[in-house]
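Chain residues, written in single-letter form:
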Amino acid sequence: MQETNPLEADAENILRAITPSLDPTRHKGQAGKIAVIGGCREYTGAPYFAAISALKIGADLSHVFCTKDAAPVIKSYSPELIVHPILEESYSIGEGDRKYISGKVVAEVDKWLERFDCLVVGPGLGRDPFLLDCVSEIIKQARRLNVPIVVDGDGLFLVTNSIELVSGNSLAVLTPNVNEYKRLVQKVLNCEVNDQDAHGQLLSLSKRIGDVTILRKGKADLIADGEIVKSVSVYGSLRRCGGQGDILSGSVAVFLSWARQYIMAAEGNVAIRPTNPTVLGCIAGAALLRKAASLAFENRKRSTLTGDIIEYLGKSLEDICPAC
């Protein structure tokens, strides 16, 4: 008999609970408005993968805030995305204009922030110093407005070096891969990764950052919020093509927003555990990606690419939580 993991999340029941039913009385936007902050000259695929995944799962609107160079490329991938070419990199501005342009960039994003149910910060962002300074201000403003935030990719490079940006933010989620997690542990706990006590170290890391939710990606995805640790190891794929983390960040953003709606509607009578919406969003997002990846791999084997996995997101959710 297979040994039962007491930390394994009840992912399918969580997916069924927090996924909203399709209702003809609902209007555009009620199923989620997601924004991705990312995309620069070199990296245009990552923000697209995150943003389109949110739509494929069921969000109503998906925005991308990117640099001017990246915008035409991202627009060409899909007309479904709302693309804002407002971010700037150091090469395009003079030294004397930095403060003015920074204020302009942040003000432009700020006009939209209150409309969003969740931000995804980092896919394809790059590491340009001026751009990262602007994004730091956007993260601060999102926090002031209580907008949940999922940090991935180069966003993790930013917050690892400026941990105060997310410290104590109960609506923040970090989604590090192996190397990103290693840097976080070294920076925050001042030690090396201890896989012999993976659950305990993850819990300690989350607590030290101020109960921020962390989704440590791996063979089994581990999720901690400073109080509990949960594992998601269902499904999975042998193919490790790049871009799956971008799908995950967009997926977590949608499910986090749905989990918040579910908990508010339940008015304390929540039928599932845990009850932290960031943890629920991580569990649901991780499980759905794993199922979609397993279906894509079943059909494509070694040729499986990120786009193939995205195309199975809808079927994967439908298998678990039928629309009608």
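Scroll up to find the structure this text is about.
Below is a summary of the structure that appears in this document. (Residues numbered from 1 in each chain as written. Predicted model: local features only at pLDDT ≥ 70, side-chain atom pairs only at ≥ 80, totals over all residues. Heavy atoms only, no water.)

Describing the overall build of the chain
Phase 1: Within the chain, the secondary structure is distributed over 12 helices and 9 strands.
Phase 2: What you see for the chain is a C-alpha radius of gyration of 19 Å, in line with the 20 Å of a compact globule of 324 residues.
Phase 3: Principal axes of the C-alpha set define a box for the chain whose edges measure 65 × 50 × 45 Å.
Phase 4: For the chain, buried positions account for 56% of its 324 residues.
Phase 5: About 14,600 Å² of surface is accessible on the chain, with carbon and sulfur atoms providing 49% of the total. (Helix = DSSP H or I, 4+ residues; strand = E, 2+ residues; numbered from the N terminus. Rg over C-alpha atoms; globule rule 2.2 N^0.38 Å. Buried < 20%, exposed > 50% of the residue type's maximum accessible area, 1.4 Å probe, protein only. Areas by Shrake-Rupley, 256 points an atom, 1.4 Å probe, with all protein chains shown as cover.)

Quick look at the packing of helix H5 (residues 129–144) against helix H6 (residues 154–161)
Phase 1: In the contact formed by H5 and H6, the axes pass within 11 Å of each other and the chain directions differ by 80°. By the angle between their axes, H5 is roughly perpendicular relative to H6. Contacts between H5 and H6 involve Leu-132, Val-135, Ser-136 and Ile-139 from the former and Phe-157, Leu-158 and Val-159 from the latter.
Phase 2: When its residues are assigned to classes, the contact of H5 with H6 shows 6 nonpolar, 1 polar and no charged. (Axes fitted to C-alpha atoms, helices over the stretch in contact; angles between N-to-C directions. Parallel < 35°, antiparallel > 145°, perpendicular 65-115°, else oblique. Contact = heavy atoms within 4.5 Å. Nonpolar A, V, L, I, M, F, W, Y, C, P; charged D, E, K, R; others polar.)

Focus on the state of the cysteines
Phase 1: Under the defined criterion, the tally for this structure stands at 0 disulfides.
Phase 2: Among the cysteines around Cys-66, which has no disulfide bond, Cys-40 carries the closest sulfur, lying 9.6 Å off.
Phase 3: Of the residues examined, Cys-66 reaches a relative accessible area of 0% and is grouped as buried. (Disulfide = S-S within 2.5 Å.)

Digging into H5
Phase 1: Over its 16 residues, H5 extends 23 Å from the first C-alpha to the last, a length consistent with the 22 Å expected when each residue adds 1.5 Å.
Phase 2: Among all positions of H5, only Phe-130, Leu-131, Leu-132, Cys-134, Val-135, Ser-136, Ile-138, Ile-139, Gln-141 and Ala-142 are buried.
Phase 3: Where H5 begins, the capping side chain belongs to Asp-128, and its oxygen is found 3.2 Å from the backbone nitrogen of Phe-130. (Expected span 1.5 Å × (residues − 1). Polar contact = N/O pair within 3.5 Å; in protein donor to acceptor, adjacent residues only side chain to side chain.)

A short note on the environment of Ala-142
Phase 1: Topologically, Ala-142 is positioned in helix H5.
Phase 2: Here Ala-142 falls in the buried class, since its relative accessible area comes to 0%.
Phase 3: With 24 residues separating them in the primary sequence, Ala-142 and Cys-118 have C-alpha atoms 9.1 Å apart.

Points about helix H9 (residues 244–266)
Phase 1: With 23 residues, H9 should cover 33 Å at 1.5 Å per step; its first-to-last C-alpha distance of 32 Å lies within 8% of that length.
Phase 2: For H9, the buried fraction is high: 18 of the 23 residues fall into the buried class.
Phase 3: Just past H9, the residue Glu-267 takes up positive phi, approximately 50°.

A word on the nonpolar core
Phase 1: Formed by 65 residues in total, the largest nonpolar core has its most connected members in Ile-18, Leu-81 and Phe-255.
Phase 2: With 13 residues, helix H10 (residues 277–300) is the single largest residue contributor to this core.
Phase 3: The residues touching Ile-18, leaving out its near neighbours within four places in the chain, are Phe-255, Trp-258, Ala-259, Tyr-262, Ile-272, Leu-280 and Ala-284.
Phase 4: Core analysis: the next-biggest nonpolar cluster, separate from the first, contains 47 residues, Phe-130, Val-135, Ile-138 and Ala-142 among them. (Core = buried A, V, L, I, M, F, W, Y, C linked by side-chain atoms within 4.5 Å.)

Structural notes on the packing of aromatic side chains
Phase 1: Enumeration according to the criterion identifies 4 aromatic pairs in this entry.
Phase 2: Where Phe-65 meets Phe-116, the ring centres are 6.0 Å apart and the plane angle is 80°; that geometry is what we call edge-to-face. Here Phe-65, found in strand S2 (residues 61–67), pairs with Phe-116, found in the loop between helix H4 (98–113) and strand S4 (118–121); they are 51 residues apart in sequence, far enough to count as distant.
Phase 3: Judged by its relative accessible area of 5%, Phe-116 is buried.
Phase 4: Ring pairs connect the aromatic residues Tyr-48, Phe-49 and Tyr-77, which therefore count as one cluster.
Phase 5: Stacked on the ring of Trp-112, the Lys or Arg Arg-115 has its end atom at 4.3 Å from the ring centre.
Phase 6: Note that Lys-301 overlies the ring of Phe-297, its terminal NZ or CZ placed 5.3 Å from the centroid. (Phe/Tyr/Trp six-rings, centres within 6.5 Å; stacked < 30°, edge-to-face > 60°. Lys NZ or Arg CZ within 6 Å of the ring centre and 35° of its normal.)

As for the side chain of Thr-19
Phase 1: Structurally, the position occupied by Thr-19 is in the loop between helix H1 (11–18) and strand S1 (33–37).
Phase 2: From its side chain, Thr-19 meets the backbone oxygen of Leu-15 in a polar contact 2.7 Å long.

Some details on the environment of Pro-176
Phase 1: Mapped onto the secondary structure, Pro-176 falls in the loop between strand S6 (172–174) and helix H7 (178–188).
Phase 2: Sequence separation of Pro-176 and Glu-318 is 142 residues, and the distance between their C-alpha atoms is 28 Å.
Phase 3: Those residues in contact with Pro-176 that lie beyond four places of it in its chain are Leu-156, Tyr-181, Leu-184, Ile-214, Leu-215, Arg-216 and Lys-217.

Brief notes about the sheet that holds strand S3 (residues 82–87)
Phase 1: Read from one edge to the other, the open sheet built from 9 strands follows the order S3-S2-S1-S4-S5-S6-S7-S8-S9, with strand pairing classed as mixed. Pairing within the sheet leaves two strands with one partner each, and these edge strands are S3 and strand S9 (229–232). Shown here is a sheet whose adjacent strand axes are inclined to one another by a mean of 20°, direction ignored.
Phase 2: Sheet topology places S6 next to strand S7 (residues 213–216); 2 bridges connect them, and they run parallel. Looking across to S7, one finds that Val-173 is bridged to Thr-213.
Phase 3: In the packing of helix H8 (residues 198–208) onto the sheet, the strands contacted are S7, strand S8 (221–224) and S9, and the crossing angle to S8 comes to about 40°. (Pairing = 2+ DSSP bridges.)

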